[in-house]
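Overview (structure and organization)
In case you want the letters, here they are:
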Amino acid sequence: APPSSTTTPTGTVASTTSSINLTGLSGSLSYTIWVRGNCGPNNFSQWSSVTFSTPIANDTAKDAIALVVNAPCAGFSNSGATNETGEPYASCTVNGGASVWFKFNSPSTGAIRASVSGLFDTQLALFSASDSSHYSTFQVLSCNEDASGAASSVIYAANLVPGAIYYLMDDGYGGSTGQFCLAV
């Protein structure tokens, strides 16, 4: 609901300011900012609003969430995620559009099992990359869509370089979104 004429503003900005930086916002949420002009003592303009959404935290590979190998399954969401220009597609992914990224350091054995399960149809891909800011450096190593049912995907990988960083992309089949559990 819009503020009333008696609402006290919680912040002020100089009239010459054309933009402000907001900090402490959570990812994948919608925010509304209300503004009005101070036209003199007890004289204010009408309230105006601006609504915007913050991006999901790990929507790009460079912002991948770090996972710990052999940790328990952790809950995540791809709601609000998008595909970026140049983002790689693995051979098994079909009509994605809501990808989120994770990274992990390969264990000393060089072998991992990555699994994702959720309430929607998932697609999981494993990549190596020399630069997480440039998708052109990404190479698909493994991919799985529907390993053991429409809502789970599993990847087995061996011969990974111990200690090297690898990337996992989880996407929803046909752009579907929701909650999922991921473990490496």
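Anyway, here's the lowdown on the structure attached to this text. (Residues numbered from 1 in each chain as written. Predicted model: local features only at pLDDT ≥ 70, side-chain atom pairs only at ≥ 80, totals over all residues. Heavy atoms only, no water.)

Focus: the overall build of the protein chain
Quick reminder of the rule: Every helix listed is a DSSP run of H or I at least four residues long, and every strand listed is a run of E at least two residues long, numbered separately from the N terminus. In this setup the radius of gyration rests on C-alpha atoms only. A globule is expected at 2.2 Å times the number of residues raised to 0.38. Classification of residues uses two cut-offs on accessible area relative to the type maximum, computed with a 1.4 Å probe and protein chains only: under 20% is buried, over 50% is exposed, and between them is partly exposed. Here the Shrake-Rupley method, with its probe set to 1.4 Å, supplies the accessible areas, and only the displayed protein chains count as covering residues. None of His or the chain ends enter the tally, which takes Lys and Arg as positive and Asp and Glu as negative. Charged groups are reduced to one reference atom each: NZ for lysine, CZ for arginine, CG for aspartic acid, CD for glutamic acid.
When you go through the protein chain residue by residue, the secondary structure sums to 0 helices and 11 strands. Its helices and strands taken in sequence order, the protein chain reads β-β-β-β-β-β-β-β-β-β-β from the N to the C terminus. Computed over C-alpha atoms, the radius of gyration of the protein chain comes to 22 Å, more than 25% over the 16 Å expected from 2.2 N^0.38 for 184 residues, which places it beyond the range of a compact globule. In terms of principal-axis extent, the alpha carbons of the protein chain reach across some 70 × 30 × 30 Å. The buried share of the protein chain, taken over its 184 residues, is 36%. Carbon and sulfur atoms form 52% of the exposed surface of the protein chain, whose accessible area is close to 10300 Å². Charge centroids of the protein chain, computed over 4 positive and 10 negative side chains, lie 14 Å from each other.

Quick notes on the pattern of salt bridges
As a reminder, the rule being used: Criterion for a salt bridge: a side-chain nitrogen of Lys or Arg within 4 Å of a carboxyl oxygen of Asp or Glu.
This model, assessed by the stated rule, comprises 1 salt bridge. Close ionic contact of Lys-62 with Asp-63 constitutes a salt bridge, the shortest N to O distance being 3.4 Å. Owing to a relative accessible area of 37%, Asp-63 belongs among the partly exposed residues under this scheme.

Any functional reading would require information beyond the geometric quantities listed.
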